[in-house]
Amino acid sequence: GLSIGAHIGVMKKTLVLVGDLGTGKTSIIRRYVHNIFSSNYKSTIGVDFALKVIQWGPDWIVRLQLWDIAGQERFGNMTRVYYKEALGAIVVYDVTRPQTFEGVTKWKNDIDTKVALPDAWGGGQIPVILLANKSDLIQEGHGQHVNPTELDQFCQDNGFIKWFETSAKDNTNIEEAARHLISSILKLE
Ligand code: GTP
Ligand code: MG
């Protein structure tokens, strides 16, 4: 009858995406939210926002606010402001450009020093996942596959909860990565 939906709860969660210039943050969000991809590169200025509403089990709606932070911002002093509401973070590097992997620990440190979970949740570090993006280019002979053992160790040493090899172009693993991060956040409550 008309009471359909009466027991559905809505949760609002904020995630931030960071990583060096051109690693694919905006493309990942566009794929995730609008299911589109473009090979044109328009560098983000400052920060962009996107909203994705997802069904979470039978009883919940998650309103996911995504903060798409420009790679350029690592050299600015605004990230503390951008991280403010974040309950989880995604750090992205480009598998075809090893120097962007060096940015990974720098971004992770930036997050760890500037944002923490709410006091009610214990105030610890927010969960962070690592994305090795542009995996489609590996198939084409550019860059090389990540070494899973090495990357597992790297995640353990640097406090990432998990890594995924992704492609915004081919829509590989993006949904999976987001679900993993969201469920990690929900377990903290
Ligand atoms: P900034 O906003 O400058 O920090 O960059 P960004 O991290 O948002 O990168 P963006 O999404 O704009 O992508 C940079 C370039 O890489 C664009 O030309 C994209 O089309 C391309 N790109 C992003 N993801 C992928 C991918 O998975 N595969 C391939 N082949 N290209 C990708
Ligand atoms: Mg961008």
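Each remark here, short or long, concerns the structure printed above.
Bear in mind the structure is a predicted one, so any value in this text is a computation, not a measurement. Residue numbers run consecutively from 1 along every chain, following the written order of its sequence. Chain letters start at A and ligand numbers start at 1, both assigned in the order the entries are written. For a predicted model such as this one, the threshold for reporting local features is a pLDDT of at least 70, and the threshold for listing and counting side-chain atom pairs is 80 or more; totals across whole chains, interfaces and linings nevertheless cover every residue. No hydrogens and no water enter the side-chain calculation; it runs on all heavy atoms of the structure.

> Tell me about the overall build of the protein, and please be specific about residues and values.
Counting from the N terminus, the helices are DSSP H or I runs at least four residues long and the strands are E runs at least two residues long. In terms of helices and strands, the protein carries 6 helices and 6 strands. Put simply, the protein runs from its N terminus to its C terminus through helices and strands in the order β-α-β-β-α-β-α-β-α-α-β-α. In this description the radius of gyration comes from C-alpha coordinates, and the expected globular size is given by 2.2 Å times residues to the power 0.38. Taking 189 residues into account, the globule formula puts the C-alpha radius of gyration at 16 Å, and the protein, at 17 Å, falls close to it. Burial statistics for the protein: of 189 residues in total, 46% are counted as buried. The criterion used for residue contact is that any of the two residues' heavy atoms lie within 4.5 Å. In the protein, of all internal contacts separated by at least 6 residues, the share reaching a separation of at least 24 is 70%. Put simply, the protein shows about 10,100 Å² of open surface, and 50% of that area lies on carbon and sulfur atoms. When a residue's accessible area, from a 1.4 Å probe over protein chains only, is under 20% of the maximum for its type it is buried; when over 50% it is exposed; and in between it is partly exposed. Each accessible area is a Shrake-Rupley result for a 1.4 Å probe, and residues are judged covered by the shown protein chains and nothing else.

> An account of the site of ligand 1 is needed here, citing residue identities and associated values.
Here a residue is considered near a molecule or strand provided that any single heavy atom belonging to it is located within 4 Å of it. The local shell around ligand 1 holds 23 residues, among which Lys 25, Ser 27, Tyr 41, Ser 43 and Asp 136 are the closest. With respect to ligand 1, the backbone of Gly 24 contributes an N or O atom lying 2.9 Å from an oxygen atom. In protein, a polar contact means a hydrogen-donor-capable atom and an acceptor-capable atom, both N or O and within 3.5 Å, with residues adjacent in sequence counting only if both atoms are side-chain atoms; elsewhere, any N or O pair within 3.5 Å suffices. One of the side-chain N or O atoms of Tyr 41 is found 2.6 Å from an oxygen atom in ligand 1. Surface burial for ligand 1 is 93%, taken as the share of its 650 Å² of free accessible area covered by protein chains. Its atoms largely coinciding with the cavity grid, ligand 1 occupies the largest pocket. Counting residues per element, the shell around ligand 1 draws most heavily on helix 1 (residues 25–34), which supplies 3 residues. Points on a 1 Å grid over protein atoms alone make up a cavity when a 1.4 Å probe fits among them but cannot get out, and a pocket when they form an open set with protein on both sides within 12 Å along at least five of seven lines; lining residues each have an atom within 4 Å of a point. For a molecule to be placed in a cavity or pocket, more than half of its atoms must lie within 2 Å of the grid points of that cavity or pocket.

> Give me the lowdown on the pairing of strand 6 (residues 162–166), citing residues and values where you can.
One face of the sheet, then the other: side chains in a regular strand alternate in exactly this way. A large share of strand 6 lies buried, amounting to 4 of its 5 residues. Alignment of strand 5 (residues 128–133) against strand 6, held across 5 bridges, turns out to be parallel. Within strand 6, the residue paired with Leu 131 across the bridge is Phe 164. Note on pairing: DSSP must find at least two bridges between two strands before they are called paired.

> Go over the sheet that holds strand 4 (residues 88–94), please, and point to the residues and values.
The strand order across the open sheet formed by 6 strands is 2-3-1-4-5-6, and the pairing between neighbours is mixed. The open sheet has two edge strands, strand 2 (47–56) and strand 6, and neither has a second partner. The sheet shows a mean angle of 25 degrees between the axes of neighbouring strands, taken without regard to direction. The convention used is that axes are lines fitted to C-alpha atoms, helices contributing only their stretch in contact, and that angles between N-to-C directions extend from 0 to 180 degrees. Set on the sheet, helix 3 (residues 99–114) makes contact with strand 1 (9–19), strand 4 and strand 5; between it and strand 4 the angle comes to about 165 degrees. Sheet strands touched by helix 5 (residues 148–158): strand 4, strand 5 and strand 6. Its angle to strand 6, the strand with the most contacts, is close to 135 degrees.

> Give me the lowdown on the packing of aromatic side chains, citing residues and values where you can.
We call Phe, Tyr and Trp rings a pair once their centres come within 6.5 Å, taking the six-membered ring for Trp, and we label the pair stacked below 30 degrees between planes, edge-to-face above 60, and tilted otherwise. Within this structure, the stated rule accounts for 5 aromatic pairs. Ring centres 4.6 Å apart and planes at 80 degrees place the aromatic pair Phe 49 and Trp 67 in the edge-to-face group. Note that Phe 49 is positioned in strand 2 and Trp 67 in strand 3 (residues 60–69), a separation of 18 residues in sequence. When the ring of Trp 67 is compared with that of Tyr 82, the centres are 6.5 Å apart and the planes differ by 50 degrees; the resulting orientation is tilted.

> Describe the coordination of the magnesium ion (ligand 2), naming the residues involved and giving the relevant values.
Note that water is not among the atoms used; donors are N, O and S atoms within 2.8 Å of the metal (3.2 Å for Na, K and Ca), so sites may look incomplete. Within the protein, Thr 26 (OG1) and Thr 44 (OG1) serve as the donor atoms for the magnesium ion (ligand 2), at 2.0 to 2.1 Å. Of this pair, Thr 26 sits in helix 1 while Thr 44 sits in the loop between helix 1 and strand 2, and the two are 18 residues apart along the sequence. Among the residues examined, Thr 44 registers a relative accessible area of 12% and is labelled buried.

> Give me the lowdown on the side chain of Glu 165, citing residues and values where you can.
You can see Glu 165 is positioned in strand 6. Charge counting treats Lys and Arg as positive and Asp and Glu as negative, with His and both chain ends excluded. Salt bridge, as applied in this entry: a Lys or Arg side-chain nitrogen positioned within 4 Å of an Asp or Glu carboxyl oxygen. One buried charge, Glu 165, has no salt-bridge partner; the nearest side chain with opposite charge is Lys 162, at 13 Å. Glu 165 has contacts with Ala 132, Ser 135, Ile 138, His 145, Val 146, Thr 172 and Asn 173, leaving out every residue within four places of it along the chain.

> Got a sec to walk through the nonpolar core? Specific residues and values, please.
The term nonpolar core refers to a set of buried residues drawn from Ala, Val, Leu, Ile, Met, Phe, Trp, Tyr and Cys, joined through side-chain atoms within 4.5 Å. Judged by nonpolar contacts, the single largest core of 28 residues is most densely connected at Tyr 83, Val 91, Tyr 93, Ile 111, Ile 126, Leu 130 and Phe 160. Residues contacting Ile 111, with those up to four places away along its chain left out, are Val 18, Tyr 83, Ala 89, Val 91, Ile 126 and Val 128. In this structure, Ile 29, Ile 54, Val 62 and Leu 181 belong to the second largest nonpolar core, which totals 27 residues.

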